Amino acid sequence: MRGRGLGAAGLALAAAVLGTAPAQAEGGTSPYVFADGAARVAGEVSSTDAHTLAAGRAYRSQIGPGEELYYAVDLDATSYAYASAVAVPKPGAKVGTRDRLTVTLRDRRDNQCGTGDTRFGSAAYPRPLAAQAVRAVKPDGGTCQEAGPYFLVVGRETGPTSAQEPWELELRLLTEPAVQGKGGPTEAPSPSPSDAPADVPGGEPVARPGGTGFNDAVALGDGSFKTRLKPGGTTFYRVPVDWGQRLYVEPELGSATTDKSMAYVSSALETALYNPAFGPVDDGSLLFNGSPQTLASEPLQPVAYENRHASAPSVKGTRFAGWYYVQLTLSPKMAEVFRGDDFGVTLRVRVQGEPVAGPRYAGDAGPFQVGDREREAAEAGRSDAEVARGETMAVVAASGIGTGTVLLVGLGVWFWVARRGAAGSGVRSG
């Protein structure tokens with residue numbers, strides 16, 4: 001068949017020519033990688049000068065200590081709106097327990113429509129932090145319900161001993177369509193039992209390094225997985241969780257040796273769980289003394305639309321189906337107390353229950369759904385970028401133009417242009 005004679009090297013070169021060559025990065029060894037194509041936008045201290053962020057896109061910005069920055073967004077009158085900010089301090093930057101990131105949505109009359117915050121807490125070492133503000137849709141109307149311009153306000157509080165350099169920001173606005181009919185359930189569900197599953201995955205863990213951010217988080221399904229983290233390193237995973245299913249994640253920090261007596265590291269492994277709109281759901285940390293330590297965790301509540309009406313953040317966060325993200329960060333103090341350049345981490349994942357029918361949205365569910373694409377990515381352990389690359393190459397193949405043909409045509413055009421340039425300059429080609 002045409003276009004299949006280049007082999008692996010040819011395919012890799014073709015991918016590079018097509019702009020689809022994968023970035024090579026080991027989980028937990030590289031700085032945070034921002035979303036592909038994220039546009040740079042400056043936050044403004046005056047709402048008058050605020051730049052508008054479009055829904056469904058990712059943006060890059062930065063914020064200095066003590067700043068409160070404005071961005072503009074346009075919202076309709078029927079969709080839930082989720083504005084998120086990921087703060088990324090520089091590796092090695094000094095941070096403190098009082099350092100905080102806040103995200104607020106306000107209308108043009110300065111009514112607070114939703115707010116959220118996050119801080120480093122006792123695990124006071126640099127790592128990505130995410131916060132989210134939600135503009136809810138209220139059946140009885142009220143403030144913040146009309147269509148029109150709103151403001152996303154991002155603030156940073158910094159302690160007196162913390163580094164004063166700017167934090168990089170990754171900003172997103174996602175909207176969830178209205179539900180057909182009466183607008184969906186309006187009361188919180190009864191809590192489900194939260195005991196750990198009886199069938200926690202065992203066996204030999206599969207080696208699966210994670211990603212460097214939400215953008216390239218590596219997909220996981222049911223099973224036991226392992227990676228290695230450098231001190232101060234962060235890695236990201238994602239798990240598809242459908243309507244009616246509940247997620248259980250159990251991180252374990254493997255054993256390590258030390259020359260010190262009574263050695264331990266508090267907050268040695270910091271974990272965070274985020275929902276498909278990049279909103280915080282749960283977090284935890286491990287005290288480590290060299291013996292294997294497992295973070296005691298409970299399954300999340302089954303994913304349900306009505307969870308948004310609950311009071312507990314870990315229940316409110318499981319309000320829709322889609323990718324749930326797991327962030328793991330290893331304390332830089334591990335290098336001072338224990339021997340080794342990196343340390344083993346095991347992640348046991350169980351998605352409990354069978355999928356059920358979700359709400360009937362009035363529009364495209366977008367990221368708030370799980371289908372064959374998500375399940376196949378989880379089975380193969382692929383990031384979103386890898387899925388997109390695979391789909392691009394499939395389109396090329398389906399078009400009847402083999403990858404080899406695309407590459408050879410590209411090289412032929414380049415050679416023809418080079419010869420034309422040489423002829424035009426009076427230089428003869430040998």
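Below, the structure is looked at part by part. Quick caveat: nothing in here was measured; it's all calculated off a predicted structure.

## Some details on the sheet that holds strand β16 (residues 280–288)
- If you trace the five strands from one edge of the open sheet to the other, you get β11-β13-β18-β15-β16, paired in mixed fashion. Because the sheet does not close on itself, it has two edges, and the strands there are β11 (218–219) and β16.
- Pairing between β11 and strand β13 (residues 234–241): two bridges, direction parallel. Bridged to Ala-219 within β13 is Arg-238.

## Section: the state of the cysteines
- Applying the stated rule across the entire model yields one disulfide.
- Across the disulfide, Cys-113 is cross-linked to Cys-144 (sulfur-sulfur distance 2.2 Å). Its torsion about the S-S bond being -80°, the disulfide of Cys-113 and Cys-144 is classed as left-handed. Placement of Cys-113 in strand β6 (residues 112–119) and of Cys-144 in the loop between β7 (129–135) and β8 (148–157) is noted, with a sequence separation of 31 residues between them. Assigned by exposure class, Cys-113 and Cys-144 land together as buried.

## Digging into the sheet that holds strand β17 (residues 293–294)
- One open sheet holds the five strands; their spatial order is β10-β12-β19-β14-β17, and the pairing between them is mixed. Of all the strands in the sheet, the pair left with one neighbour each is β10 (206–207) and β17.
- For strand β12 (residues 223–229) and strand β19 (residues 343–352), the ladder comprises seven bridges, and the chain directions are antiparallel. Within β19, the residue paired with Arg-228 across the bridge is Gly-344.

## Things to note about helix α4 (residues 372–380)
- Of the positions making up α4, those classed as buried are Glu-374, Ala-377 and Ala-378. Down the axis of α4, the sector holding all buried residues measures 100°, keeping them to one side. Across α4 from its buried face, at more than 90 degrees, point the exposed residues Asp-372 and Glu-379.
- Just downstream of α4 lies Gly-381, where phi reads positive at about 70°.

## With respect to the nonpolar core
- Counting residues in hydrophobic clusters, the biggest one holds 63 residues, and the most contacted among them are Leu-247, Leu-253, Met-334 and Phe-338.
- Residues within four places of Met-334 in sequence aside, it is in contact with Pro-231, Leu-253, Val-265, Ala-268, Phe-288 and Phe-343.
- Counting residues in hydrophobic clusters, the runner-up holds 29 residues, among them Ala-83, Ala-87, Leu-129 and Val-154.

## Some words on the side chain of Arg-127
- The residue Arg-127 is located in the loop between β6 and β7 in this model.
- Among the polar contacts made by the side chain of Arg-127, one reaches the main-chain carbonyl oxygen of Ala-123 at a distance of 2.5 Å.
- Setting aside chain neighbours within four positions, we find Arg-127 in contact with Ala-87, Pro-89, Arg-119, Phe-120, Thr-234, Glu-270, Gln-327 and Thr-329.

## Some thoughts on the pattern of salt bridges
- On inspection of all chains with the given rule, the structure shows 19 salt bridges.
- Here Arg-109 makes a salt bridge to Glu-146, at a shortest N to O gap of 2.7 Å. With a gap of 37 residues between them, Arg-109 in the loop between β5 (100–107) and β6 and Glu-146 in the loop between β7 and β8 connect regions that are remote in the sequence.
- Under the relative-accessibility criterion, Glu-146 is labelled partly exposed at 35%.
- For Asp-242, the salt bridge is made with Arg-375, and the minimal N-O distance between the two is 2.9 Å.

## Examining the packing of aromatic side chains
- Enumeration according to the criterion identifies 14 aromatic pairs in this entry.
- Aromatic pair Phe-320 and Phe-368: ring centres 4.4 Å apart, planes at 20°, arrangement stacked. Here Phe-320, found in the loop between α2 (313–316) and β18 (322–330), pairs with Phe-368, found in the loop between β19 and α4; they are 48 residues apart in sequence, far enough to count as distant. For the residue pair Phe-320 and Phe-368, the accessibility class agrees, reading buried in each case.
- Each residue in the set Tyr-32, Phe-34, Phe-214, Phe-236, Tyr-274, Phe-278 and Tyr-325 is aromatic and connected to the rest through ring pairs, giving one cluster.
- Positioned above the aromatic ring of Tyr-125 is the side chain of Arg-127, whose terminal nitrogen or guanidinium carbon lies 5.2 Å from the ring centre.

Parameters and conventions
- Residues numbered from 1 in each chain as written.
- Predicted model: local features only at pLDDT ≥ 70, side-chain atom pairs only at ≥ 80, totals over all residues.
- Heavy atoms only, no water.
- Pairing = 2+ DSSP bridges.
- Helix = DSSP H or I, 4+ residues; strand = E, 2+ residues; numbered from the N terminus.
- Disulfide = S-S within 2.5 Å.
- Buried < 20%, exposed > 50% of the residue type's maximum accessible area, 1.4 Å probe, protein only.
- Arc of directions from axis to C-beta.
- Core = buried A, V, L, I, M, F, W, Y, C linked by side-chain atoms within 4.5 Å.
- Contact = heavy atoms within 4.5 Å.
- Polar contact = N/O pair within 3.5 Å; in protein donor to acceptor, adjacent residues only side chain to side chain.
- Salt bridge = Lys/Arg side-chain N within 4 Å of Asp/Glu carboxyl O.
- Phe/Tyr/Trp six-rings, centres within 6.5 Å; stacked < 30°, edge-to-face > 60°.
- Lys NZ or Arg CZ within 6 Å of the ring centre and 35° of its normal.

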